[in-house]
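Residues per chain, in single letters:
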Amino acid sequence: MAADSLTFIFLNAAVINNFVLALFLGICPFLGVSAKRDTAWNMGLAVIFVMLVSSVSAYAINWLLVRFDIQFLRLICYIAVIASAVQLVEMAMKKFSPALFRALGIFLPLITTNCAILGVALFQTFRDYDFLQCLAFSLGAGVGFTLALTLMAGLRERLELANVPNVSQGAALTLMLAGLLSLAFMGFAGLGGQHG
Amino acid sequence: MSPPNQEEKITADTFLRGLWEENPVFVMLLGMCPVLAVTNSAINALAMGLATTFVLLCSSSLVSLFRKLIPKQVRIATYIVIIATFVTIVDYSIQAISLDLYNALGAFIQLIVVNCIILGRAEAYASKQRLSATIVNGLGMGVGFTIALLCLGSVREILGAGSLFGFPLFAENFQPWVVMILPPGGFFVLGGWLLLFNWYRQYRERKLMEQQGASARGS
């Protein structure tokens, strides 16, 4: 598989260099919203959606910045534009599709300035992806995030019934579990992903 | 949390709170992404800690100075722009000082922008307190964050590479535990530290209960 083919970029972002388990982006929602499977699933969908929106807007912004040779403003522009783009989409969604808004709405403001979202925008800039590659990359990253989140939620639901030592209640146990999951995902490195 | 418009006196506690009682990493579990991602060696951890402390100090001082001027409705956006400005400064400075370090930390320097500790401090503390208290508290939080990063970074480097700050610690035949510097090691080591702190807290509580029980029986 060629390193710049769309399939490879998608797979690389989704499983080989999974955003949560290999690159440690978006750990806060990963630990915070992974207690129930339904919530985790909705959160994942919201993240895929926001990643697509922010990836497209970051691509446009970067084109403008390079054109006017003011790349040092990149970070400030990305943050501001991603936040307002998500806000706009949220308002449009509320107007045109209230059902979708009810499912995803509460998560949107939470994840707007999450490191996974900004990470997608920054990585695609560093790697000089073209427009289609950006789409594949952000979709892959979102799918990978959802995969990790739902897996984790499934594990944690099982764990609620398990009898664990008193000391390891809470965050410590969740982190250990995430470590095991991450260990399992390292097996995908055999698919030939380059790191970073 | 102190109510708004009530300014706090600076005590040793203002500084020390960030180190232990409200340690951003071990107690509040904030800013987890850089904590796990860049702590594969002690030197990276230290650099990340210092960069975050700098941004935290500068941005919360500025927020505290302008706290009466920033309108309530757009405060979050203002904070983010202030933080992003300082992160850009740090980003370019590290690039100028050491390119190796810059490549090792990668995008995580720019991702300081979305570190919840910084925005959290700006919103919960700096927007209500005067400048001197903000600086002391921010310094405490920054040092607490740096110490936490060093705790993780040194353990991972010792186990995973057999060295500390790049100096080898063991003899030739040491077998490095490579998984510790790979992603899963980050989760394991942080989980281990949290276990240790949980155990210590429970131990202290048990001690306290026993003491109270003994004194109740004695009287």
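Residues numbered from 1 in each chain as written. Chains lettered and ligands numbered in written order. Predicted model: local features only at pLDDT ≥ 70, side-chain atom pairs only at ≥ 80, totals over all residues.

1. Comments concerning the overall build of chain A
Link 1 in the chain: Of regular secondary structure, chain A possesses nine helices and zero strands.
Link 2 in the chain: Here chain A has a C-alpha radius of gyration of 18 Å; the compact-globule value for 196 residues is 16 Å, and the two agree.
Link 3 in the chain: Looking at chain A residue by residue over its 196 residues, the buried ones come to 43%. (Helix = DSSP H or I, 4+ residues; strand = E, 2+ residues; numbered from the N terminus. Rg over C-alpha atoms; globule rule 2.2 N^0.38 Å. Buried ≥ 20, exposed ≤ 12 C-beta atoms within 10 Å, placed from the backbone.)

2. What to know about the interface of chain A and chain B
Accessible area lost during the coming together of the parts is what is often quoted as the interface size.
Link 1 in the chain: The interface of chain A with chain B comprises 33 residues on the first partner and 31 residues on the second.
Link 2 in the chain: When contributions to the side of chain A that touches chain B are tallied by element, the ones reaching two or more residues are helix H2 (27-32), helix H4 (74-96), helix H7 (115-126) and helix H9 (171-185) of chain A.
Link 3 in the chain: When residues of the side of chain A that touches chain B are assigned to their parent elements, the largest contribution, eight residues, is made by H9(A).
Link 4 in the chain: Residues that form the side of chain A that touches chain B fall into these classes: 26 nonpolar, seven polar and no charged. (Contact = placed C-beta atoms within 7 Å. Nonpolar A, V, L, I, M, F, W, Y, C, P; charged D, E, K, R; others polar.)

3. Concerning unusual backbone geometry
Residue and element names in this part refer to chain A.
Link 1 in the chain: Positive phi, close to 60°, is recorded for Asp69, a residue that is not glycine.
Link 2 in the chain: Its location among the elements puts Asp69 in the loop between helix H3 (37-68) and H4.
Link 3 in the chain: A count of 7 C-beta atoms within 10 Å places Asp69 in the exposed class.
Link 4 in the chain: The residue Asp128 is not glycine, and still its phi comes out positive at about 55°.
Link 5 in the chain: Residue class for Asp128 comes out exposed when judged on the 9 C-beta atoms lying within 10 Å of it.

4. Concerning the environment of Val167(A)
Link 1 in the chain: Relative to the helices and strands, Val167(A) resides in the loop between helix H8 (131-159) and H9.
Link 2 in the chain: When the C-alpha positions of Val167(A) and Asp130(A) are compared, they lie 49 Å apart, and in sequence the two are 37 residues distant.
Link 3 in the chain: With near-sequence residues (within four places) excluded, Val167(A) lies in contact with Leu195(B), Asn198(B), Trp199(B) and Gln202(B).

5. Quick word on the nonpolar core
Link 1 in the chain: Residues Leu118(A), Ile83(B) and Val113(B) are the most contacted members of the largest nonpolar core, which totals 117 residues.
Link 2 in the chain: No other element matches H8(A), which puts twelve residues into this core. (Core = buried A, V, L, I, M, F, W, Y, C linked by C-beta atoms within 7 Å.)

6. What about the environment of Ala153(A)?
Residues and elements named next belong to chain A.
Link 1 in the chain: Along the chain, the position of Ala153 falls in helix H8.
Link 2 in the chain: Judged by the 22 C-beta atoms lying within 10 Å of it, Ala153 falls in the buried class.
Link 3 in the chain: As for Ala153 and Ala80, which are separated by 73 residues in sequence, their C-alpha atoms are 32 Å apart.
Link 4 in the chain: The contacts of Ala153, once residues within four sequence positions are left out, are Ser34, Ala35, Lys36, Arg37 and Ala40.

7. Observations concerning the confidence of the model for chain A
Link 1 in the chain: A residue-level look at chain A finds 93% of positions with pLDDT of 70 or above and a mean pLDDT of 83.
Link 2 in the chain: Looking over chain A, one finds the lowest element-wise mean pLDDT in helix H6 (residues 107-111) of chain A, namely 71, and the highest in H8(A), namely 90. (pLDDT = per-residue confidence, 0-100.)

8. Some points on the packing of helix H1 (residues 6-16) of chain A against H8(A)
Residues and elements named next belong to chain A.
Link 1 in the chain: Closest axis-to-axis distance for the H1/H8 pair is 7 Å, and the angle between their directions is 30°. One way to sum up the angle between H1 and H8 is to call them roughly parallel. Crossing of H1 over H8 shows right-handed handedness. Here Leu6, Ile9, Phe10, Leu11, Asn12, Ala13, Ala14 and Val15 of H1 come into contact with H8, specifically with Leu132, Gln133, Ala136, Phe137, Leu139, Gly140, Ala141, Val143, Gly144 and Leu147.
Link 2 in the chain: Of the residues that constitute the contact of H1 with H8, the class distribution is 14 nonpolar, four polar and no charged. (Axes fitted to C-alpha atoms, helices over the stretch in contact; angles between N-to-C directions. Parallel < 35°, antiparallel > 145°, perpendicular 65-115°, else oblique. Left-handed = near helix turned anticlockwise from the far one by under 90°.)

9. Remarks on the packing of H3(A) against H8(A)
Residue and element names in this part refer to chain A.
Link 1 in the chain: Where H3 meets H8, the axes come as close as 8 Å, and the angle between the chain directions of the two elements is 165°. Here H8 runs roughly antiparallel to H3, going by the angle between their axes. Considering only the axes of H3 and H8, their crossing is right-handed.
Link 2 in the chain: Looking at side-chain class alone, the contact of H3 with H8 contains 18 nonpolar, seven polar and two charged residues.

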